[in-house]
Amino acid sequence: MKQATLAAAADQGAEFERFRRPTRRDVFLQTMDTIVPWAELCAVIEPYYPKAGKGRPPIGLERMLRMYFVQHWFNLADEACEEALLDSTALRRFVGIDLGRERVPDGTTLLKFRRLLEDDKHKLGAALFAKVGEVLQSKGMKVGTGTIVDATIISAPSSTKNDKGERDPEMHQTKKGQQYFFGMKLHIGVDSETGLAHSAVVTAANVHDKHPLPELLHGEELEVFGDSAYASQQELIAAKAPKAKDRTNQRVRGTDAQADLERVVNRIKSKTRSRVEHVFAVVKRQFGFSKVRYKGLAKNATRAFVVLGLANIYMARKRLVA
């Protein structure tokens, strides 16, 4: 075991800072340090991670994965994540960096690690999301017989003030209500009992919500919930989950007694359907993934899968700590 340096002792600071109390960031990082399945997630990446040999030895895989998760939790660019680690003792403790012995991995090192996960050949972002699901199921959070489907728009820059004078060709414009949006769309399937996402698909924003519907179902559903964008899609549901009953909200027009009854039924369904919004709240508000950071669908899809996996862990934190 390496002896701690004075820099590490200063970072710990517990015995010297008499009046310091844990911040919300401290509590969050301590909780994540305890409940994230580091060994299982590292095992997914390890076959593709650079091995020691000629040249500069690679940084420890778990350390890089911790830095990568910090980037997602606090919505940081590569260089901003490096600077945050230099600035925050809490983040350095979490990642395991002793400034008296080693440097903080720079933004370029994080960039290379991120690109490894974004490689189309390996699809490690989706693999990490799947591994989180396996671990949570092994902890008793099984995928049940009800699935809630929904989609949200992740905005992209619509400006053409760049070298090519054009928008990202993989992003598209769509109209929602009376407003136009430009970007991509994140479609998810959420278990109606646990409220955790078990499937996801990333498309351009102009793809209708109903098209990825079969990919969001696991096939053993007895009930499928969704908003009115999925109304009258019994054939698509039956193609993947033949036993499932259609519990999606139906479009209602008129003011007669029948229309009022249908609105009441929709409100009852929405008590279950609304659980999907909790996932989006964590992804877009808690972790800040409301705008794309990279060009193209592939890189942003990797980020979406990783953030969904982290959102599942965050939402299940009380059950994992217990």
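Parameters at a glance
Residues numbered from 1 in each chain as written. Predicted model: local features only at pLDDT ≥ 70, side-chain atom pairs only at ≥ 80, totals over all residues. Heavy atoms only, no water. UniProt positions renumbered as here; feature names shortened; annotations may be inferred. 1 Å grid on protein atoms, 1.4 Å probe; cavity = no way out; pocket = protein on both sides within 12 Å on 5 of 7 lines; lining within 4 Å. Points joined across faces, edges and corners; volume = space filled by probe spheres on them. Helix = DSSP H or I, 4+ residues; strand = E, 2+ residues; numbered from the N terminus. Nonpolar A, V, L, I, M, F, W, Y, C, P; charged D, E, K, R; others polar. Axes fitted to C-alpha atoms, helices over the stretch in contact; angles between N-to-C directions. Parallel < 35°, antiparallel > 145°, perpendicular 65-115°, else oblique. Contact = heavy atoms within 4.5 Å. Salt bridge = Lys/Arg side-chain N within 4 Å of Asp/Glu carboxyl O. Buried < 20%, exposed > 50% of the residue type's maximum accessible area, 1.4 Å probe, protein only.

- Per an unreviewed UniProt entry, the recorded name for the protein is IS5 family transposase, and the organism is Pelomonas margarita.
- The Sequence similarities (unreviewed entry) field of the UniProt record for the protein holds the comment "Belongs to the transposase 11 family."
- According to the UniProt record, the Function (unreviewed entry) comment for the protein reads "Involved in the transposition of the insertion sequence IS5."

1. Details of empty space enclosed by the protein
Then, number 1: For the coordinates displayed, the defined rule picks out 1 cavity of 30 Å³ or more.
Then, number 2: Quantified by volume, the largest cavity comes out at close to 50 Å³.
Then, number 3: Around the largest cavity, the lining residues are L41, F69, L128, F129, V132, V306, G309, L310 and I313.
Then, number 4: Mapped by element, the contributors of at least two residues to the lining of the largest cavity are α8 (124-138) and α12 (297-315).
Then, number 5: A class-by-class count of the residues in the lining of the largest cavity yields 8 nonpolar, 1 polar and no charged.

2. Quick word on the packing of helix α10 (residues 257-273) against helix α11 (residues 275-286)
When two helices pack together, their arrangement is given by the angle between the helix axes and by the axis-to-axis distance.
Then, number 1: Contact geometry of α10 with α11 gives a least axis separation of 5 Å together with a crossing angle of 45°. One element, α10, and the other, α11, form an angle in the oblique class. Residues K271, T272 and R273 of α10 form the contact with α11, whose participating residues are R275, V276 and E277.
Then, number 2: Broken down by class, the residue content of the contact of α10 with α11 amounts to 1 nonpolar, 1 polar and 4 charged.

3. Things to note about the pattern of salt bridges
Then, number 1: For the structure shown, the criterion picks out 14 salt bridges.
Then, number 2: Across the pair R66 and E62 runs a salt bridge whose closest N-O atoms are separated by 3.0 Å. Remark: E62 and R66 occur in helix α4 (residues 61-73); sequence separation between them is 4 residues, near one turn of the helix.
Then, number 3: Accessibility expressed as a relative area gives 8% for R66, which makes it buried.
Then, number 4: Linking E118 and R114 is a salt bridge whose minimum nitrogen-to-oxygen distance equals 2.9 Å. You can see E118 and its partner R114 sitting in helix α7 (residues 107-118), 4 residues apart, about one turn around the helix.

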